[in-house]
Amino acid sequence: MSLSVVQPLSRRRWPASLLGALAAAGLLSAAPALAQEKVLRIAMTAADIPRTLGQPDQGFEGNRFTGIPMYDALTHWDLSKADAPSVLIQGLALSWAVDAKDKTKWVFKLRPNVKFHDGSAFNADAVVWNVRKVLDKDAPHFDASQVGVTASRMPTLRSARKIDDLTVELTTSEPDSFLPLNLTNLFMASPAHWQKKFEAAAGATPADKARAAWTAFAADSSGTGPFRMARFVPRERLEVVANKAYWDPKRTPKIDRVVMLPMPEANARTAALLSGQVDWIEAPAPDAMGTIRQRGFNVHFNPQPHVWPWQLSFAEGSPWLDKRVRHAANLCVDRAGLLKLLGGMMGVPKGSVAPGHPWWGNPKFDIRYDPDAARKLMAEAGHSAAKPLKVKVQISASGSGQMQPLPMNEFVQQSLKACHFDVQFDVIEWNTLFTNWRKGAKDPSANGANAINVSFATMDPFFAMVRFTSTKTFPPVSNNWGYFGNPEFDKLIADARSAFEDKARDAALAKLHARIVEEAPFVWIAHDVGPRAMSTKVKNVVQPRSWFIDIAPMTMD
């Protein structure tokens, strides 16, 4: 049957919760009003619209849907290729270089003639303003609510200084060759547009007015990206429309409007796609893949630099302090069985990066399925079927790169039971879990958990390794939730950070990765392949080897 004539299923066959969500989002009645436009409708895994004020929440799903479409950063990931890893490219910066005499200073040359959506100019003043919004508590526009999702991703950045209108100097707390990669996460919001919101805001103090201004900015945002905000209804929908004046002709959108809908339940997303209510869904229900393909939809996937693990606690009293236990858990996960459960939509990990990667490093511990070896290690550690080791994992029900967290975690629970683990779960909402991730295993938010299940990207060294293994990234600085680290790892990290040549940096990172796998601060369970199902009306889709995807070059029939 042609997708253009697929009719919605009878409403009596829809779950009540899905009917309510679709009605609230306007999908059951509003679509004809947009018939003259080329409209792309996307069902996200998030339970809410990621924040729209410039620094998204909801993990990297926020970057993908409210960051990259509406905003730009100084540096971008190249998302134009499906057959090669994404690499760093120019964004709002045309070039960057570290000072030869002082490796804590970087000079960025900015792109000329770029305008924010409100018509104001992007320049060095705007860069300084956007750095101060998350790093300078004395700045009138400082927003504490944006700090956690920003500063934790670039913890060495300290300040920005204007040299001239198109040149800015950034300063770090220590030599850090990772900075240009980290800056892909600092999105540029319009200072002029925020100032207008501030002047119109009510508040007894400047701080009150600033908070009100950011709230107003989130509802009427202004970035420099290929799409601009058109309509925003929290927990229901975000609509963005093409910015025809975008500075990059290759990314000037041909789709008129994109509608993004939070739909955290996999079966609800799948039903919405099959009925024609949306054109694109993230993370389809695995058991519906056959039906999705039979109905003529396209399923896009690609190996990604993205890990789905349990991150383990090294706080006092944690059951994971014994390395034999950590190795046993990694040997007892039946990843081939999990691959079958997910319909082939995962990669089998050997570490945070794959063998053959420049950072692989040949670790001495081999992550594999060997339950006999696992049980032997558990027996040595004093555990048996009669005396299992109790562990508690904080997990989410959905969200971002969490893939299919409930069935996947239940599968791992049963897998580990055969090796004398008694696994309990604390299931919470995704964005809450993501917030708890920065608070750490010692915080009351952990609710007694000694492991946490938050997927993470590995496209740059800081995200892949450093934030989990440095004593400088203990909570709340960044994501070393489990407090893993020691002088050996700090030295390996310093060696990598201070290596400004690619080969030397890769060699240092390979040593770091090998030691991480050997010490096993994670149970590595899966690599994501980013499955998403789309109508055949969506054309020019490139699924890169990245956690991100670029909507801007896509077209609609």
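The written sequence of each chain sets the order in which its residues are numbered from 1. Thresholds applied to this predicted model are a pLDDT of at least 70 for local features of residues and 80 or more for the giving and counting of side-chain atom pairs; totals over whole chains, interfaces and linings are not thresholded and use all residues. Side-chain calculation: all heavy atoms of the structure are included, whereas hydrogens and water are not.

Side note on the packing of aromatic side chains
At step 1: Aromatic rings from Phe, Tyr and Trp, with only the six-membered ring used for Trp, were paired whenever their centres fell within 6.5 Å, and each pair was classed as stacked if the ring planes differed by under 30 degrees, edge-to-face if by over 60, and tilted otherwise. Going through the model one piece at a time under the given rule, you end up with 27 aromatic pairs.
At step 2: An angle of 50° between the planes, with centres 4.9 Å apart, marks the rings of Phe-60 and Phe-548 as tilted. Of this pair, Phe-60 sits in helix H2 (residues 59-67) while Phe-548 sits in the loop between strand S20 (538-539) and strand S21 (555-556), placing them 488 residues apart in sequence. The exposure classification of Phe-60 matches that of Phe-548, with both residues buried. Elements are defined by DSSP. Helices are runs of H or I of four residues or more, strands are runs of E of two residues or more, and each kind is numbered from the N terminus. Each residue's exposure class comes from its accessible area (1.4 Å probe, protein chains only) as a fraction of the maximum for that residue type: buried when under 20%, exposed when over 50%, partly exposed otherwise.

Digging into the pairing of strand S13 (residues 306-312)
At step 1: Most of S13 sits inside the fold, with seven of its seven residues counted as buried.
At step 2: Going residue by residue along S13, you find His-306, Trp-308, Trp-310 and Leu-312 tucked away on one face and Val-307, Pro-309 and Gln-311 tucked away on the opposite face as well.
At step 3: Any two strands with at least two DSSP bridges between them are considered paired. Direction of pairing for S13 relative to strand S17 (residues 456-457): antiparallel, over a ladder of two bridges. The residue of S17 that forms the bridge with His-306 is Ala-457.
At step 4: Of the strand pairs in this sheet, S13 and strand S18 (residues 522-527) are connected by five bridges, and their pairing is antiparallel.

So, the packing of helix H10 (residues 323-332) against helix H17 (residues 502-519)
At step 1: Interaxial distance between H10 and H17 falls to 9 Å at its minimum, and their mutual angle equals 95°. In this view, H10 runs roughly perpendicular relative to H17, as classed from their interaxial angle. Residues Lys-323, Arg-326 and His-327 of H10 form the contact with H17, whose participating residues are Val-517, Glu-518 and Glu-519.
At step 2: Tallied by class, residues from the contact of H10 with H17 come to one nonpolar, one polar and four charged. Fitted lines through C-alpha atoms serve as axes, helices being fitted only where they are in contact, and the angles separating the N-to-C directions of these axes extend from 0 to 180 degrees. Convention used here: angles under 35 degrees read as roughly parallel, angles over 145 as roughly antiparallel, angles from 65 to 115 as roughly perpendicular, and any remaining angle as oblique. Throughout, a contact is declared for two residues whenever any of their heavy atoms are within 4.5 Å. Note on residue classes: Ala, Val, Leu, Ile, Met, Phe, Trp, Tyr, Cys and Pro are nonpolar, Asp, Glu, Lys and Arg are charged, and everything else, Gly too, is polar.

Notes on helix H4 (residues 144-151)
At step 1: Buried within H4 are the following residues: Gln-146, Val-149, Thr-150 and Ala-151.
At step 2: Residues of H4 that are buried in the fold lie against helix H3 (124-135), helix H7 (206-219) and helix H14 (430-439).

So, the sheet that holds strand S9 (residues 237-242)
At step 1: The sheet built from seven strands is open, its strands ordered S8-S9-S10-S1-S11-S19-S12 with mixed pairing. Either end of the sheet is taken by a strand with one partner, and the two such strands are strand S8 (227-233) and strand S12 (298-300). Between one strand axis and the next, the sheet turns by 20° as a mean value, whatever way the strands run.
At step 2: Where S8 meets S9, six bridges bridge the pair, whose relative direction is antiparallel. Bridge pairing links Phe-227 to Ala-242 in S9.
At step 3: Contacts from helix H8 (residues 266-274) reach strand S1 (39-44), strand S11 (280-282) and strand S19 (532-534), with the element oriented near 165° to S11.

Section: the sheet that holds strand S5 (residues 105-110)
At step 1: Taken together, four strands build an open sheet; the order of strands is S4-S5-S7-S6 and the sheet is antiparallel. At either margin of the open sheet sits one strand with a lone partner, and together these are strand S4 (93-98) and strand S6 (157-164). For this sheet, the mean inter-axis angle between neighbouring strands, taken without regard to orientation, is 20°.
At step 2: Note: S6 against strand S7 (residues 167-172), six bridges, orientation antiparallel. Paired with Leu-157 across the strands is Thr-172, a residue of S7.
At step 3: Packing against the sheet, H3 makes contact with S5, S6 and S7, and its axis sits at approximately 165° to S6.

What to know about the pattern of salt bridges
At step 1: Any Lys or Arg side-chain nitrogen found within 4 Å of a carboxyl oxygen on Asp or Glu counts as a salt bridge. Summed over the entire model, instances satisfying the criterion amount to 33 salt bridges.
At step 2: The partner of Asp-78 in a salt bridge is Lys-81, and the shortest N-O contact between them spans 2.8 Å.
At step 3: In this structure, Arg-237 and Glu-239 form a salt bridge, with 2.2 Å as the shortest nitrogen-oxygen distance. Considered together, Arg-237 and Glu-239 belong to a single accessibility category, that of buried residues.
At step 4: Sharing partners across several salt bridges, the network here consists of Lys-323, Arg-326, Glu-488, Arg-515, Glu-518 and Glu-519.

Notes on the side chain of Ser-120
At step 1: Within the fold, Ser-120 resides in the loop between S5 and H3.
At step 2: N or O atoms closer than or at 3.5 Å make up a polar contact, with two conditions inside protein: a donor-capable atom paired with an acceptor-capable one, and, for residues adjacent in sequence, both atoms drawn from side chains. In terms of polar contacts, Ser-120 uses its side chain to reach the side chain of Asp-118, at 2.9 Å.
At step 3: Not counting the four nearest positions on each side in its chain, Ser-120 is found in contact with Val-114, Lys-115, Ser-190 and Ala-192.

Re the packing of H10 against helix H12 (residues 371-380)
At step 1: Orientation of H10 relative to H12, taken along the N-to-C sense of each, is 160°, at an axis distance of 8 Å. For the element pair H10 / H12, the angle class is roughly antiparallel. Of the two possible hands of crossing, H10 and H12 adopt the one that is left-handed. Contacts between H10 and H12 involve Arg-324, Val-325, His-327, Ala-328, Leu-331 and Cys-332 on the former and, on the latter, Pro-371, Ala-373, Ala-374, Leu-377, Met-378 and Glu-380.
At step 2: A class-by-class count of the residues in the contact of H10 with H12 yields nine nonpolar, one polar and two charged. When the near helix sits turned anticlockwise from the far one by under a right angle, the crossing is termed left-handed; a clockwise turn instead gives a right-handed crossing.

A short note on unusual backbone geometry
At step 1: Omega for the bond connecting Pro-475 with Pro-476 falls within 30 degrees of zero, at 5°, which places this linkage in the cis form.
At step 2: If you check the backbone angles, Asn-447 has positive phi at about 55° while not being a glycine.
At step 3: Within the secondary structure, Asn-447 is located in the loop between H14 and strand S16 (451-452).

Description of the side chain of Thr-167
At step 1: If you trace the backbone, Thr-167 turns up in strand S7.
At step 2: With relative accessibility at 4%, the residue Thr-167 sits in the buried group.
At step 3: Among the polar contacts listed, one links the side chain of Thr-167 to the side chain of Asp-164, at a separation of 2.8 Å.

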